[in-house]
Amino acid sequence: MATPPEDRRAGFASRRALWSWVVYDWGSNAFATVIQTFVFATFFTRAVAPDPTTGQSWWSWAMAIAAVCIAVLAPITGAIADSTHRRKPWIAAGTALCVCATACMWLIRPDSGWALAALAFGAIGTLGSELALVPYNAMLADLVPRRRLGSWSGYGWGAGYLGGLACLVVVLLLFVREGTPVRAWLGDGDAIHLRTAFVFCAVWYAGFSLPLFLFTPEQAPATRNGGQQQRENPFTRLIRGLRGLRRRPDVLRFLVARLLYIDGMATLFQLGGVYASGAFDMDASRVLYFGITLTAAAGIGAIAFSRVDDRIGGRRTVLLGLAALCVGCGVALLAPSEPWLWAGAVVIGTFVGPVQSGSRSLMARMASEEERGELFGLFAFSGKVMSFLGPASVGLVTWLSGSQRWGMTSVLVFLAGGGLVLLTVREPEQEPEQDAA
């Protein structure tokens, strides 16, 4: 989609710069899909850890530690980026940390003696990828006018899901599936075919991140003012910003709402395969196809609803998505047979993308230019600080009821609770005259 001439005259980014920003999402999501979800996490629990149960427990703890570090460091990173008026160096640092940790996974052998190193690389990679997203998300409002935040946020989220899926398909076809020429050439000793796949994932992430650094400006020319503003201690900015949330109740309520519904959505993706496997006796290959279907639907949904966000706003887009997610969850939980489960999963996948994309565009609309990094740091904080609540609630209800279906109903509480809090949030009025400021 071309950038309208009036936007370029107003100082916003060119089409090449915007698509370079989108391509970063395409590349970075390979880590979440291949490493965190499908391939490396499975390799660790089945081949590196002493047994699958211990492996799942250790991996969960490592991700929890990474989440705590992200919750602490993300607001600080955002405040520093605001203070220095530079976002690319922080994106580069987080990207390099994740890429290096992913490449180092080649060292991991299928032996429990490598468990600690595997957990360390997984946690470090997670930390790097999430910290890079703080200034990356904050860049969006520097590049496009407010009336088009929803479109480009949707393109980015959609590209992320589809890029992660594309990388996963390549990994499966080249390195995982038996009988492929690459796997035959590499052999299976010490799981070298899988370890090579981790290096491929690192190269994928690094390669698709380059256009952002080459072609996307720090800020559009008309809004770049870093040289004119006095730099301020980032910790002073952060403390003042946290105190200032009391005077900005809509931002505070939005962060609380997102804390709830993002926890519910994360739990759906973390435990959806477990639920499908246990409640419907799906084998590993069908669970994998189930996850691929969810991911593909999420990418398509994010792109399809990107223009809807521009027309009705991020808040209404998120509320619409949360309502649809509740319906999809209800269908999946009440499903009498596997086809009904797949129908509910497609609904869930289709509306996960719009909820995440709408959340990003809403945060961009609510943040002023001087505080974007800081608020997107808190945005990341809200997505991680209570991330243990969803899985813990599902586990507790499952244990008390003895039913996987009843256990997964906990997710509905988080989704509906987040939606109810979001109803109290007012989205800023779109002001076209400020787009050219």
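The preceding data block contains the structure.
Rules behind the numbers
Residues numbered from 1 in each chain as written. Predicted model: local features only at pLDDT ≥ 70, side-chain atom pairs only at ≥ 80, totals over all residues. Heavy atoms only, no water. Helix = DSSP H or I, 4+ residues; strand = E, 2+ residues; numbered from the N terminus. Buried < 20%, exposed > 50% of the residue type's maximum accessible area, 1.4 Å probe, protein only. Contact = heavy atoms within 4.5 Å. Areas by Shrake-Rupley, 256 points an atom, 1.4 Å probe, with all protein chains shown as cover. Polar contact = N/O pair within 3.5 Å; in protein donor to acceptor, adjacent residues only side chain to side chain. Phe/Tyr/Trp six-rings, centres within 6.5 Å; stacked < 30°, edge-to-face > 60°. Salt bridge = Lys/Arg side-chain N within 4 Å of Asp/Glu carboxyl O.

### Structural notes on the overall build of the chain
For the chain, the count of helices and strands is 20 helices and zero strands. Expressed as a percentage of its 437 residues, the buried residues of the chain come to 52%. Intrachain contacts of the chain at a sequence separation of at least 6 include 83% that bridge at least 24 residues. With an accessible surface of roughly 18400 Å², the chain has 66% of that area assigned to carbon and sulfur atoms.

### Description of the side chain of threonine 45
With respect to the element layout, threonine 45 can be found in helix α3 (residues 40-48). There is a polar contact of 3.1 Å between the side chain of threonine 45 and the backbone oxygen of threonine 42. Beyond its immediate stretch of four places on either side in the chain, threonine 45 contacts Asp51, Pro52, Gly55 and Gln56.

### A closer look at the packing of aromatic side chains
Within the structure shown, the criterion is met by 21 aromatic pairs. A ring pair is formed by phenylalanine 40 and phenylalanine 198, whose centres lie 5.0 Å apart and whose planes are at 80°; its orientation type is edge-to-face. Taken as a pair, phenylalanine 40 in helix α3 and phenylalanine 198 in helix α9 (residues 192-215) lie far apart in primary sequence, 158 residues in all. The two residues phenylalanine 40 and phenylalanine 198 agree in class, both being buried. Ring centres 5.1 Å apart and planes at 85° place the aromatic pair tryptophan 152 and tyrosine 155 in the edge-to-face group. Of this pair, tryptophan 152 and tyrosine 155 both sit in helix α7 (residues 149-176), three residues apart, which is roughly one turn of that helix. Across the pair, tyrosine 155 and tryptophan 152 agree in class, each one buried. Put simply, the rings of Trp26, Phe175, Phe200, Trp204 and Phe208 touch in pairs and so form one group of aromatic residues.

### So, the pattern of salt bridges
The final tally for this structure, using the stated rule, is eight salt bridges. Of the charged contacts, one joins arginine 360 and aspartate 25 as a salt bridge, the two residues approaching to 3.5 Å between their closest N and O atoms. Residue arginine 360 is located in helix α15 (residues 338-366), and its partner aspartate 25 is located in helix α2 (residues 15-38); the two are separated by 335 residues in the primary sequence.

Everything listed is a geometric property; what it means functionally is a separate question.
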